[in-house]
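This is what each chain is made of:
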Amino acid sequence: MADPISPVPSEAYCPLCMDTLRDPVTIPCGDTYCLECIKIYWDQLDHMGLYSCPQCRTTFTPRPVLRRNPPDVKPKPQRQLPELSPFPYMQRESFCDFCIGRRNKAVKSCLVCLAYYCETHVKPHYESSTFRRHKLVDETGHLDRKICPQHEKGLELFCRSDQMCICVLCTVKEHRSHNITSAEEERIEKQKVLLATQSEVQRITQERIKELQELKHNVDILKSCAQRAQAGSDKTFHEMLQAVERWKAEINQMIVTNMQSVVSQAKGYVERLEQEIMELQRRDTELRQIIETEDNIHFLQNFPTLCAPPEAMVPKVLINPQFSFGEMSKTATEMKEHVDDICKKELSKISKTVSETPVYILLPRNGEKQLKAVPSGVDLQEPKTRKDFLRYCCKMSIDPNTVSKELVLSDRNQRVTRKKTIQFYPDHPERFDGFCQALCKEPLTGFRFYWEAEWSGEFSIGVAYKSISRKGKSSHSLLGYNDKSWSLLCSDSGYSAWHNKVDRDLPDAPKATRIGVYLDYAGNTVAFYSISEAMELIHRFKAQFSEPLYAGFGVGSSVTLCQLQPL
């Protein structure tokens, strides 16, 4: 159970010095300290660049600016304070015992007088022979801790048997026959240990600072990934909306076309029926006239032509029950439901994948055996077999805006071939105009990726930042010849690895016409493998990636991206 919060006393106390607050300052978490106490405490953390509250352990970066509280600001209620400061090694500010009125800050304490002295009142200890044998020490506070509680003598010796500071009288009885040495000699020995500890602390601090920088860098990468994913999602759904608008227009056009056909056909039937009705009405008039005539001869002479039954001019027209405009409306509804089903299914699948895939993996330190924070199924090892690598395979396509005008794209932007004739591509700021090179569309950042390519003729394969130069025939735009790209140059005579104009011949590397590339962005490595009956490492670069990478190629004859499926 947590300790109850004690009422705020009439005089608030500083949790560090255990004394009444002097020049109180409230730090961002709400806790209040003496200005000098919290300043000294944070001075010890300057080398780490990370500052914390001594009580609640809230961390701050950068270091908060300390300002004295206004008179009307009351300190935050403190928990019941312990009798001793939790930081006994920290310097405590003390004041002269001999000042009258406003007490000056103590600079020395006397282990004989058991008193604190300011610069003025300590002078007799230097000038008078009376105080010649008195032991003056620099004031670091806690004078009572420098006095033997049993004999009230200064602590000048150290008992190694009991590992404690003692006075001269302690050696007579309590620590008789123990391994005794002077405090100065023991301090020299123990200081060696502290120096070693300090060295280790500084080493670990540098490691943590590096880890902090890498973590912040990776968080920035994740933010960029999220922004690109959102932009890609917006673009895809915009295209989907455009496609739906096209489908809507097509169905509406189909309805209008069928309606016009229905009206046109009906119009012909209506005209023929109207004509037949007029003809029947004319004959009805003739029949009525001949029936009503009193001239028998006229009746008999016209009887043969009028007695024949009328012949139908137009067949009976019925609406086909199988035809309905409702079917088109139904089709639109089914299309909508089908799209909804696909979206729900895919969203559920990706939601499950995202929720079950941790963003951060916590590894133990100092030889801890259990990996409690590492989720099951998370493989922290480098892939070893081709099956392992295929888990990270990614779909790629060559960006038409980057290909040199000597290159021809085919197979849905999966193959690029070098031609002697110049292709009439539109000018584009991302097009390589000095070398026969191309980059893929897909940005690679934050995670692991794997792809393969088949080649013929001299060929280079690698990765590059988008900021690589595209213009001219200089090292700034050639894969591997600058600090923005890493590449493997392949030819019938062998391989060489290039980065920033530095090359490394690889005469013993296994030859193959298919090259696999494995990028571990978070691990800052890119590796090249020969793919034949076996998969063998050709070369691995270790780098510090700072931008998204793009797969790139230099084409001697042809390059084809291989279609891979995760196993």
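Worth saying up front: this structure is predicted, and the values here are computed from it rather than measured. (Residues numbered from 1 in each chain as written. Predicted model: local features only at pLDDT ≥ 70, side-chain atom pairs only at ≥ 80, totals over all residues. Heavy atoms only, no water.)

Please explain the packing of helix α3 (residues 183–292) against helix α4 (residues 296–306) as it appears in this structure.
When two helices pack together, their arrangement is captured by the angle between the axes and the distance separating the axes. For the pair α3 and α4, the least separation of the axes is 10 Å and the interaxial angle reads 150 degrees. With respect to α4, the axis of α3 lies roughly antiparallel. α3 and α4 meet at a crossing whose hand is left-handed. From α3, Arg-283, Glu-286, Leu-287 and Ile-290 reach across to α4, where they touch His-298, Phe-299, Asn-302, Thr-305 and Leu-306. Of the residues that constitute the contact of α3 with α4, the class distribution is four nonpolar, three polar and two charged. (Axes fitted to C-alpha atoms, helices over the stretch in contact; angles between N-to-C directions. Helix = DSSP H or I, 4+ residues; strand = E, 2+ residues; numbered from the N terminus. Parallel < 35°, antiparallel > 145°, perpendicular 65-115°, else oblique. Left-handed = near helix turned anticlockwise from the far one by under 90°. Contact = heavy atoms within 4.5 Å. Nonpolar A, V, L, I, M, F, W, Y, C, P; charged D, E, K, R; others polar.)

What is the right way to look at unusual backbone geometry in this model?
Glycine aside, the phi torsion of most residues is negative, and most peptide linkages are trans. The phi dihedral of Asn-413 is positive, around 65 degrees, even though this residue is not glycine. Within the chain, Asn-524 stands out as a residue other than glycine whose phi angle is a positive 60 degrees.

Explanation requested: the confidence of the model for the protein in the structure shown.
Low pLDDT marks regions whose predicted coordinates should not be analysed in detail. When pLDDT is averaged along the protein, the result is 82, and 87% of the positions lie at 70 or above. Per-element confidence in the protein ranges from a low mean pLDDT of 79 for strand β3 (residues 51–52) to a high of 96 for strand β13 (residues 437–439). With pLDDT under 50 throughout, residues 1–10 is counted as low confidence; its partners more than four residues away or in other chains account for nine contacts. Low confidence marks residues 369–376, where pLDDT is under 50. Its contacts with residues over four positions away, or in another chain, come to eight contacts. (pLDDT = per-residue confidence, 0-100.)

Would you mind going over a nonpolar patch on the surface with me for this structure?
A surface patch of nonpolar side chains, amounting to about 490 Å² of accessible area, comprises Phe-237, Met-240, Val-244, Trp-247, Met-335 and Val-339. Those elements that place two or more of their residues in the nonpolar patch are α3 and α5 (325–356). Considering every element that reaches the nonpolar patch, the biggest residue donor is α3, with four residues. Looking at the element boundaries, Val-244 is found in helix α3. Accessibility expressed as a relative area gives 41% for Val-244, which makes it partly exposed. (Patch = residues over 30% accessible without salt bridge, like charges linked within 9 Å, V, L, I, M, F, W, Y side chains within 5 Å. Areas by Shrake-Rupley, 256 points an atom, 1.4 Å probe, with all protein chains shown as cover. Salt bridge = Lys/Arg side-chain N within 4 Å of Asp/Glu carboxyl O. Buried < 20%, exposed > 50% of the residue type's maximum accessible area, 1.4 Å probe, protein only.)

Just to check I follow, could you spell out the sheet that holds strand β7 (residues 136–138) for this structure?
Strand pairs in the sheet, formed through backbone hydrogen bonds, run parallel or antiparallel to each other. Within the open sheet, the three strands sit side by side as β6-β5-β7. Their pairing is antiparallel. A strand with exactly one partner marks an edge of an open sheet, and here the two such strands are β6 (115–117) and β7. On average, each strand axis in the sheet is inclined to that of its neighbour by 30 degrees, with strand direction left out of account. Pairing analysis gives three bridges linking strand β5 (residues 108–110) to β6, with the strands arranged antiparallel. Bridging across to β6, Cys-110 finds its partner in Ala-115. (Pairing = 2+ DSSP bridges.)

Help me out: how do you make sense of the pairing of strand β23 (residues 558–561) in this one?
Remember that side chains alternate between the two faces of the sheet whenever the strand is regular. On β23, burial covers both faces: Ser-558 and Thr-560 on one face and Val-559 and Leu-561 on the other are all buried. Pairing of strand β12 (residues 415–418) with β23 involves three bridges; the strand directions are antiparallel. Its bridge partner being in β23, Thr-417 is matched across the sheet by Ser-558. Where strand β14 (residues 448–456) meets β23, four bridges bridge the pair, whose relative direction is antiparallel. Paired with Trp-455 across the two strands is Val-559, which belongs to β23.

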